[in-house]
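Okay, here's what each chain looks like letter by letter:
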Amino acid sequence: MASMAEAMGSDGEAGSSRFESRIRIAAALLSVLVGSALLGAKYAAYRWTGSNAIFSDAMESIVNVVAALFALFGVHFAARPADRSHPYGHGKVEFLSAGFEGGLVAFAAVTIVYQGILGLLQGVELHEVDLGLAVTVGAGVVNAGLGFVLLHVGRRYDSLTLVADGQHVLSDFWTSAGVAGGLVLVRWTGWSWVDSLVAVLVGVHLGWTGFRLLREAAAGLLDEEDRELLSEILVALNECVTPGIIRIHNLRAIRSGRFLHVDAHLVVPEFWSVERAHEEADAFERRVKQRGRIQGEIVFHTDPCRRAYCARCDVPACPIRVEPFRGRPRMTLEEAVQPDLPVGWK
């Protein structure tokens, strides 16, 4: 009966994973389609007006479309299960996708700043400003809606690629807002140089966005410590301890797309048998994964207590206790990530 229940649970998890994968792919495809339509509209507006500011907006849309295509590939590839060649799964391609998008944004920023500076030095002649303004405002509204959809789906279904794409699309909204403001000012004052100045400011803003995306992608690819993630895991660990699960140390975690790989040393009573320590660790792992809603794996290395934790161990009728139990304080992050027993505990 237990094996049948586990099989049904596994089938349910697999079905849920497939459904979530389809949602992520659908969101990435929506980004490609909407981005392509907006690119066409902005390029047409640039041809009509000759505006450097609208050119900067159109350049960012080119990046949006290319990045959305790469995101579609990344989301699809990341959904593939682990195999012999990739035992930790394929999720890290999402960091690569985010880094690629950051590089494209940075390249677009340099191009936009260059075009804007040329416009400031040589001057520009604008046409059909009202039409360009209408297209820019409409594109901004559409980008705002798309960006919020991508961020919502990315955060709910743990896709860094979609989150990065959503942040980029929202930055495009602010680009459009800045461009629209510049065109309004040009129309009111007749100062055509404002158009090129807006383009330069847009380029600088995009450069900062690209840097942030590259920084986040590098942190994921290099497995930089994520203290926010570790803190979330620690909450689940603290709430799932039972007598015999004495303390945790050497806690580490890495992301592979939406999957997590967590490992830690689990201190258990030294008089427990290997079989009991294994069973208790497995049960603890299941509780923590359920409480923390963790997709992935948790690997515990069991350590004997060596009678160093007696004051914090609430195992009843312990045959080897050397001092009475005084209380079990909640584990702190600084304690949990330490590789060994904290100094001063003995």
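The shown structure was predicted, so the numbers you read here are calculated from the model rather than taken from an experiment. (Residues numbered from 1 in each chain as written. Predicted model: local features only at pLDDT ≥ 70, side-chain atom pairs only at ≥ 80, totals over all residues. Heavy atoms only, no water.)

### With respect to the side chain of His249
Part 1 of the reasoning: With respect to the helices and strands, the residue His249 is situated in strand E1 (residues 247–256).
Part 2 of the reasoning: Accessibility expressed as a relative area gives 8% for His249, which makes it buried.
Part 3 of the reasoning: Not counting residues up to four positions away in its chain, the partners in contact with His249 are Ala264, His265, Val267, Asp303, Tyr309, Glu335, Ala336, Gln338, Pro339 and Asp340. (Helix = DSSP H or I, 4+ residues; strand = E, 2+ residues; numbered from the N terminus. Buried < 20%, exposed > 50% of the residue type's maximum accessible area, 1.4 Å probe, protein only. Contact = heavy atoms within 4.5 Å.)

### Focus: the packing of helix H7 (residues 227–240) against helix H8 (residues 274–292)
Part 1 of the reasoning: Between H7 and H8, the shortest axis-to-axis distance is 9 Å and the interhelical angle comes to 130°. With respect to H8, the element H7 is oriented oblique. Where H7 crosses over H8, the two elements pack in a sense that is right-handed. Across the interface between the two elements, Val235, Ala236, Leu237, Glu239 and Cys240 of H7 pack against Phe284, Arg287, Val288, Arg291 and Gly292 of H8. (Axes fitted to C-alpha atoms, helices over the stretch in contact; angles between N-to-C directions. Parallel < 35°, antiparallel > 145°, perpendicular 65-115°, else oblique. Left-handed = near helix turned anticlockwise from the far one by under 90°.)

### Topic: the pattern of salt bridges
Part 1 of the reasoning: Applying the stated criterion across every chain yields a total of nine salt bridges.
Part 2 of the reasoning: Across the pair Asp263 and Arg252 runs a salt bridge whose closest N-O atoms are separated by 2.9 Å. Here Asp263, found in strand E2 (residues 259–268), pairs with Arg252, found in strand E1; they are 11 residues apart in sequence, far enough to count as distant.
Part 3 of the reasoning: On the basis of relative accessibility, which here comes to 25%, the residue Asp263 falls in the partly exposed class.
Part 4 of the reasoning: Close ionic contact of Arg307 with Glu270 constitutes a salt bridge, the shortest N to O distance being 3.8 Å. (Salt bridge = Lys/Arg side-chain N within 4 Å of Asp/Glu carboxyl O.)

### As for unusual backbone geometry
Part 1 of the reasoning: Positioned with a positive phi, Arg293 is a non-glycine residue whose angle comes to about 50°.
Part 2 of the reasoning: Position of Arg293 relative to the elements: it lies in the loop between H8 and strand E3 (296–304).
Part 3 of the reasoning: For Arg293, a relative accessible area of 76% corresponds to the exposed category.
Part 4 of the reasoning: A positive phi is found at Ala317, a non-glycine position, where the angle reads about 50°.
Part 5 of the reasoning: Along the chain, the position of Ala317 falls in the loop between E3 and helix H9 (333–336).
Part 6 of the reasoning: Judged by its relative accessible area of 79%, Ala317 falls in the exposed class.

### Some points on the confidence of the model for the chain
Part 1 of the reasoning: Model confidence for the chain is summarised by a mean pLDDT of 79, while 86% of its residues fall at 70 or above.
Part 2 of the reasoning: The spread of mean pLDDT over the elements of the chain runs between helix H1 (residues 2–49), the lowest at 70, and H8, the highest at 92. (pLDDT = per-residue confidence, 0-100.)

### Considerations on the pairing of E2
Part 1 of the reasoning: Counting buried residues in E2 gives seven out of 10 residues, a clear majority hidden from the surface.
Part 2 of the reasoning: In this structure, E1 lies alongside E2, joined through eight bridges in antiparallel fashion. If you follow Ala253 over to E2, its bridge partner there is Val262.
Part 3 of the reasoning: Where E2 meets E3, nine bridges bridge the pair, whose relative direction is parallel. The residue of E3 that forms the bridge with Leu260 is Gly296. (Pairing = 2+ DSSP bridges.)

### Some thoughts on the sheet that holds E3
Part 1 of the reasoning: Read across the open sheet, the three strands follow the order E1-E2-E3; overall the sheet is mixed. Each edge of the open sheet is held by one strand with a lone partner, namely E1 and E3. Taken pair by pair, the neighbouring strands of this sheet meet at an average axis angle of 15°, ignoring direction.
Part 2 of the reasoning: Where H7 meets the sheet, it contacts E1, E2 and E3, and its direction lies at approximately 130° from that of E1.
Part 3 of the reasoning: Running at roughly 140° to E3, H8 makes contact with E1, E2 and E3 of the sheet.

### Notes on the packing of helix H3 (residues 93–122) against helix H6 (residues 193–221)
Part 1 of the reasoning: Interhelical geometry of H3 versus H6 gives an angle of 160° and a closest axis separation of 7 Å. Comparing their axes, H6 and H3 come out roughly antiparallel. In the packing of H3 onto H6, the handedness of the crossing is left-handed.
Part 2 of the reasoning: Each residue belonging to the contact of H3 with H6 can be placed in one class, and the counts come to 20 nonpolar, 11 polar and two charged. (Nonpolar A, V, L, I, M, F, W, Y, C, P; charged D, E, K, R; others polar.)

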